[in-house]
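# Structural features, examined
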Amino acid sequence: MTVIIKLGGSVITDKEKPGVVRREVIAELAEAIASSATPSVIVHGAGSLGHPEAKAYGIAEGVTRDNACGVPITHEAVSRLNTEVVAALRHAGVEAVSFHPFSCALAENGRLVFCGEEQIHALLALGIVPVLHGDVVCDRVRGACIVSGDQIVPFLAKKLGADKIGIVTATGGVLANGEIIPEITRESVSAVHFSTADAADVTGGMQGKVDELLSLAESGIPSHIIKPKMLKAFLAGNPCGGTLVK
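Anyway, here's the lowdown on the structure attached to this text.

## Description of the side chain of S48
Summarising the element assignment, S48 is placed in the loop between β2 (40–44) and α3 (51–57). The class for S48 is buried, based on a relative accessible area of 2%.

In structure tokens, the structure reads:
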């Protein structure tokens, strides 16, 4: 069994304060991941380390020589966060390693073509946990673009044949009138009202997340959007609340 866990940028950083990492939260999530013996791939969002830089340089719209200087700046920002996540996982006893999409992935018009899946297969066979993140990647059409963690998760889930997908968000699910919606399908999603993504978010917020997960569900792989405190229960196969996307 292979599990993919996505740690939301709004969980592991303070999205209201650029560059602020929530180290205590990351440490708690790392301990939960360490409690599971199931092979995992970890993907995390950029939060306040990456979104502001990508927005400032217009990376999401594409890259030319005019804004190419923003590519290393954005990548360096998300890499700083990745270093923090990997360090916490290793401190908790997880054999984790940074795996930057900037170095291994390619997109075409904003959509992933590959994302180092063969290397990830090899790492998992060795018991090593690759830790990916939203990043700048080269793009055949746009020069370069932003690929979110929310796009990476379903792409790798299909390529790796993942059995279980856990998406850790600050809300712990998709909300309607302040209450978590227990289940979303392609048929029911039209009735959901999504709030607008925050100004610095260049990847579509919760609606973008659900759109990606619905495409994954259509290939037969469901996913769970959960609260941070429910990650350990999710990994153990226990009830974890949240929103099931299927």
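Next comes the rest of the write-up.
## Side note on unusual backbone geometry
Although it is not a glycine, N109 adopts a positive phi angle of roughly 55°. Position of N109 relative to the elements: it lies in the loop between β4 (105–108) and β5 (111–115). Using a relative accessible area of 44% as the deciding quantity, one classes N109 as partly exposed.

## So, the environment of K159
Topologically, K159 is positioned in helix α7 (residues 149–160). The class of K159 is partly exposed, set by a relative accessible area of 43%. Taking the C-alpha atoms as reference points, K159 and I181, 22 residues apart in sequence, are found 29 Å from one another. Every residue in contact with K159, bar those within four places of it in the chain, is listed here: E117 and H121.

## Quick notes on the packing of helix α6 (residues 117–125) against α7
Taken N-terminus to C-terminus, the directions of α6 and α7 make an angle of 65°; their axes are 10 Å apart at the nearest point. What the angle tells us is that α6 and α7 run roughly perpendicular. As for the relative orientation of α6 and α7, their crossing is right-handed in sense. Contacts between α6 and α7 involve E117, I120 and H121 on the former and, on the latter, F155, L156, K159 and L160. For the contact of α6 with α7, a count of residues per class yields four nonpolar, one polar and two charged.

## Here's the deal with the packing of aromatic side chains
Tallied over the entire structure, the rule returns zero aromatic pairs. Just above the ring of F234 sits the side chain of K164; from NZ or CZ to the centre is 4.8 Å.

## Here we look at the state of the cysteines
One pass over the structure, following the stated rule, counts zero disulfides. Here C69 stays unpaired: no disulfide links it, and the sulfur of C138, its closest cysteine neighbor, is 15 Å away. Left unpaired, C138 is separated from the closest cysteine sulfur, that of C145, by 9.0 Å.

## Observations concerning the pattern of salt bridges
With the rule as written, the count across this model stands at eight salt bridges. For E108, the salt bridge goes to R140, with nearest N and O atoms at 2.9 Å. Remark: R140 occurs in the loop between β7 (135–139) and β8 (143–147) and E108 occurs in strand β4; sequence separation between them is 32 residues. When the shortest N-O distance is used, the salt bridge between E218 and R186 registers 2.6 Å. Taken together, the residues span a long stretch of sequence, with E218 in the loop between α8 (205–217) and β13 (223–226) and R186 in the loop between β12 (183–184) and α8 at a distance of 32 residues. Linked through salt bridges whose partners overlap, the residues forming this network are K6, D150 and K209.

## Things to note about the side chain of T243
In this fold, T243 is placed in strand β14 (residues 243–245). A relative accessible area of 0% means that T243 is categorised as buried. From its side chain, T243 meets the backbone oxygen of I181 in a polar contact 2.6 Å long.

## Observations regarding the sheet that holds β13
On the basis of which strands lie adjacent, the open sheet formed by eight strands has the order β3-β6-β2-β1-β9-β13-β14-β12 and mixed pairing. The open sheet has two edge strands with one neighbour each: β3 (96–98) and β12. In the sheet, strand β1 (residues 3–7) pairs with strand β9 (residues 164–168) via five bridges, with the strands oriented parallel. For V3, the partnering residue across the bridge sits in β9 and is K164. Sheet contacts for α6: β2, β3 and β6 (129–133); angle to β6, the most-contacted strand, approximately 145°. Strand contacts of α8: β1, β9, β12, β13 and β14, with the helix running at about 155° to β13, the strand carrying the most contacts.

What counts, and at which threshold
Residues numbered from 1 in each chain as written. Predicted model: local features only at pLDDT ≥ 70, side-chain atom pairs only at ≥ 80, totals over all residues. Heavy atoms only, no water. Helix = DSSP H or I, 4+ residues; strand = E, 2+ residues; numbered from the N terminus. Buried < 20%, exposed > 50% of the residue type's maximum accessible area, 1.4 Å probe, protein only. Contact = heavy atoms within 4.5 Å. Axes fitted to C-alpha atoms, helices over the stretch in contact; angles between N-to-C directions. Parallel < 35°, antiparallel > 145°, perpendicular 65-115°, else oblique. Left-handed = near helix turned anticlockwise from the far one by under 90°. Nonpolar A, V, L, I, M, F, W, Y, C, P; charged D, E, K, R; others polar. Phe/Tyr/Trp six-rings, centres within 6.5 Å; stacked < 30°, edge-to-face > 60°. Lys NZ or Arg CZ within 6 Å of the ring centre and 35° of its normal. Disulfide = S-S within 2.5 Å. Salt bridge = Lys/Arg side-chain N within 4 Å of Asp/Glu carboxyl O. Polar contact = N/O pair within 3.5 Å; in protein donor to acceptor, adjacent residues only side chain to side chain. Pairing = 2+ DSSP bridges.

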